[in-house]
Amino acid sequence: MSHEHFTELLRSRRVWDIELPAFDPATAPAEPVELFHAWFAEAVAAGQPEPHTMGLATADGSGRPDVRTVMLHDADAHGWHFASHATSRKGRQLAARPEAALHFYWPAQGRQIRIRGRVRTAPPAEAQADLHARSTGALAAALVGRQSEVLGSQGELATSSAAAWERAQAEPDAESPTWTLYVLEPDEVEYFQGDAQRRHVRVRYRREAPDSDWTRELLWP
């Protein structure tokens, strides 16, 4: 493909060629997680594919940023929960610099949510309980481990995966020692509602400490 063809293709794309929902910021609740629960339910009702996936941004010890898509495991008064191996690239980065940002984008309604804060690890028992509440495939993947390591061949992965699936089916309570449940405790949460006339609504929640009250404010689009 020529660069000209790519540019033409890129510029011909349109966003939000749908009727977007209204969002009155005056109706936003005092706690950001309450609005997240409401928006998540509305995203599901609108047919948004995989609304439980999110971008996770971290940085290494020298400050170099990294980002990937992961799955949300929970969102409650404590924060937003996700999991990975402590030995993975993201796990090592969070150990060196326990701060992160999350990003949800739900184009079915022209909405996105941005979250920043410190990250803590949940107790190992919670991590294993979280893992065993998921599918057999999720357990098998966790048992394979070695996430982010260099892979010699696809055949090597197939062999390890087959063995892990067999164990996961035979031992549904098998533990993965490096599997870690992380909780991002937010100090800033922004809700963005797109508008066809570019009068986007942006509401930001922020607080100075984990036990302090949230401040809500509007942002220019």
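S.K.: An account of the overall build of the protein chain is needed here, citing residue identities and associated values.
M.R.: Across its full length, the protein chain carries 6 helices and 9 strands. Summarising its shape, the C-alpha atoms of the protein chain cover approximately 55 × 55 × 40 Å along the three principal directions. Counting all 221 residues of the protein chain, 37% fall into the buried class. The contacts in the protein chain between residues at least 6 apart in sequence include a share of 65% that link residues at least 24 apart. If you sum the accessible surface of the protein chain, you get close to 13,100 Å²; carbon and sulfur atoms cover 52% of it. Of note, the protein chain has its 24 positive side-chain charges centred 7 Å away from the centre of its 31 negative side-chain charges.

S.K.: Explain the pairing of strand β5 (residues 99–106) to me, and be specific about the residues and the numbers.
M.R.: Across the two faces of β5 the burial differs, with Ala 100, Leu 102, Phe 104 and Trp 106 buried and Glu 99, Ala 101, His 103 and Tyr 105 not buried at all. Sheet topology places strand β1 (residues 53–59) next to β5; 3 bridges connect them, and they run antiparallel. Across the sheet, the residue bridging to Gly 55 is His 103, located in β5. In this structure, β5 lies alongside strand β6 (residues 111–121), joined through 8 bridges in antiparallel fashion.

S.K.: Which residues make up the nonpolar core, and what values do they have?
M.R.: Side chains of a nonpolar character, in soluble globular proteins, are inclined to be buried together. Of all hydrophobic cores here, the largest spans 29 residues; its most connected members are Phe 36, Trp 80, Phe 82, Phe 104, Ile 113 and Tyr 191. Taken together, the elements giving at least two residues each to this core come down to α2 (32–45), β1, β4 (79–85), β5, β6, β7 (179–193) and β8 (201–206). A per-element tally of this core places α2 first, with 5 residues. When near neighbours in sequence (up to four residues on either side) are disregarded, Phe 104 contacts Phe 36, Pro 51, Thr 53, Met 54, Leu 72, Trp 80, Arg 111, Gln 112, Ile 113 and Ile 115. With 13 residues, the next largest nonpolar core counts Ala 122, Leu 143, Ala 168 and Leu 181 among its residues.

Conventions we followed
- Residues numbered from 1 in each chain as written.
- Predicted model: local features only at pLDDT ≥ 70, side-chain atom pairs only at ≥ 80, totals over all residues.
- Heavy atoms only, no water.
- Helix = DSSP H or I, 4+ residues; strand = E, 2+ residues; numbered from the N terminus.
- Buried < 20%, exposed > 50% of the residue type's maximum accessible area, 1.4 Å probe, protein only.
- Contact = heavy atoms within 4.5 Å.
- Areas by Shrake-Rupley, 256 points an atom, 1.4 Å probe, with all protein chains shown as cover.
- Lys, Arg positive; Asp, Glu negative; His and termini not counted.
- Charge placed at Lys NZ, Arg CZ, Asp CG, Glu CD.
- Pairing = 2+ DSSP bridges.
- Core = buried A, V, L, I, M, F, W, Y, C linked by side-chain atoms within 4.5 Å.

Treat this as a map of the structure, not an account of what it does.
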